[in-house]
Amino acid sequence: MSGTSYSLRSQVPPPPVFLASFSYDTIGMQNRTGGGGLPGASAIYIAANRAIYWPFVIRRQVTVYRFFWVNGATASTDNVQVGVYDNNWHSVKLGTQTLASGPSAAQFDNITDTVLHPGAYYMAIWCNGTTTTMLRTNPGQRFMDGIFQQNSQTSGLPTTATPIQNTNAYFPLFGLALRASP
Amino acid sequence: MEVVLPRYYDNNNTLCSLAAEGNIGHLGNHTTSTSWPLAKLVVYHPVSISRSVLVNKMAWVNALTVDASGHVQAGVYDEAFNLLGSTASTVPTPVTAAQSVSVTPFWLQGGRRYYFAITCDSLVETMYTISGLVAGTTAGLGFMTETTSSFGLGNPGVPTLPTTEFPTWVYASSETAI
């Protein structure tokens, strides 16, 4: 094709340094437009032993150094676990079940450095009680299509997930830290 | 002819600390005029960009009160917290307006992450921020803060997890007219 060529060449941008459940790279905009935008609030975990799965896409290879979540006003005797699954629901990396500690602050699980190649994934969070609170928003459940859950996971996040459609309006802030520190 | 469009959040020549990355851009319009929280606090906003931009000016947004005896400085750090460029120490004025300052031009490379930083030495100076954020929110979005012993953006920066929730507007622009 002849003629003047206009090019506004883009690089594939790296994902946010904290690839979080609120990020555009997940379904953060659904959260916002569904009425769940920040500021959020502290609220108890939605159900003991429930795993919740958030879809996300990365367009270039990244290294995950830590998992994180943001505790609400009460960090308690409950354990929290974060992990990553591939698009076929096989776990790529599962974090350590860790006692929620430090209210109103981000808490980290330092994992073995894990490379994720471009593709579609799910980030997952699990908690074994309902005393622990997390920073969360609450968009209407009807605006949370794409999020899945799995109940009664007494042993934590499963190696292979078999989730069902999400049924609750509970949108915690958690995710993958692509920065080793702080 | 091939046209490759940039992603939605950096599709112009003026990048914004609260929109360029998209990580916190969906916070919406909870904007409140708020006093600078701590003298000499530096707030680092994480930003990812998809195409290279030559930065000629930087800007911030003064809110309802400015301090004629105060100073503001804005700059950009790379991921290793090296200061790539910054404004001079600048007296904030006027109220309720973006204030832009020319910088020695510097490049931001597409496909990389940066931190847009801003600092102020006055507790009287106000800026617009996102009100009502629960403690820990900006930590979970990759922000950082630093309290320096003397006013100004250090090189390198030595930030830690945020000690306060104060996301605000910092612009970096290739335009010379902002």
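Refer to the structure presented above.
Described in the following lines is the structure provided in the data block. (Residues numbered from 1 in each chain as written. Chains lettered and ligands numbered in written order. Predicted model: local features only at pLDDT ≥ 70, side-chain atom pairs only at ≥ 80, totals over all residues. Heavy atoms only, no water.)

1. Brief notes about the packing of aromatic side chains
Residue and element names in this part refer to chain B. Short version of the rule: Only Phe, Tyr and Trp rings are paired, with Trp represented by its six-membered ring, and only when their centres lie within 6.5 Å; those with planes under 30 degrees apart are stacked, over 60 edge-to-face, the remainder tilted. To qualify as a helix, a DSSP run of H or I must reach at least 4 residues; to qualify as a strand, a run of E must reach at least 2; elements of each kind are numbered from the N terminus. A 1.4 Å probe rolled over the protein chains alone gives each residue an accessible area, and that area as a share of the maximum for its type sets the label: buried under 20%, exposed over 50%, partly exposed in between.
Throughout the structure, instances matching the rule amount to 18 aromatic pairs over all chains. Measuring from ring centre to ring centre gives 5.0 Å for Trp-36 and Phe-166, while their planes differ by 70°; the resulting arrangement is edge-to-face. Within this pair, whereas Trp-36 is found in the loop between strand 2 (31–35) and strand 3 (41–49), its partner Phe-166 is found in the loop between strand 10 (144–147) and strand 11 (170–173), the two being separated by 130 residues in sequence. Note on accessibility: Trp-36 and Phe-166 belong to one class, buried.

2. A closer look at the side chain of B:Glu146
All names here are of chain B. Applicable threshold: Here the positive residues are Lys and Arg and the negative ones are Asp and Glu; neither His nor the chain ends is included. Whenever Lys or Arg places a side-chain nitrogen within 4 Å of a carboxyl oxygen from Asp or Glu, that contact is recorded as a salt bridge. The term polar contact refers here to a pair of N or O atoms within 3.5 Å; inside protein, the definition further demands a hydrogen-donor-capable atom paired with an acceptor-capable atom, and it admits residues adjacent in sequence only when both atoms are side-chain atoms. The contact criterion used throughout is that any non-hydrogen atoms of two residues lie within 4.5 Å.
Secondary-structure assignment places Glu-146 in strand 10. Buried within the structure, Glu-146 lacks any salt-bridge partner; Lys-40 is the closest side chain of opposite charge, at an N-O distance of 12 Å. There is a polar contact of 2.5 Å between the side chain of Glu-146 and the side chain of Tyr-44. Contact partners of Glu-146, with chain neighbours within four places excluded, come to Lys-40, Leu-41, Val-42, Tyr-44, Gly-157, Val-158 and Pro-159.

3. Structural notes on unusual backbone geometry
Going from B:Thr93 to B:Pro94, the amide bond is cis rather than trans, its omega being -5°. As for its position among the elements, B:Pro94 is in the loop between strand 6 (83–86) and strand 7 (97–108). Between B:Asn155 and B:Pro156 the backbone carries a cis peptide bond, its omega angle lying at 5°. Residue placement: B:Pro156 occurs in the loop between strand 10 and strand 11. The phi angle at A:Trp89 is positive, at roughly 70°, despite the residue not being glycine. Mapped onto the elements, A:Trp89 comes out in the loop between strand 5 (79–86) and strand 6 (91–94). You can call A:Trp89 buried: its relative accessible area is 16%.

Any functional reading would require information that these geometric values do not contain.
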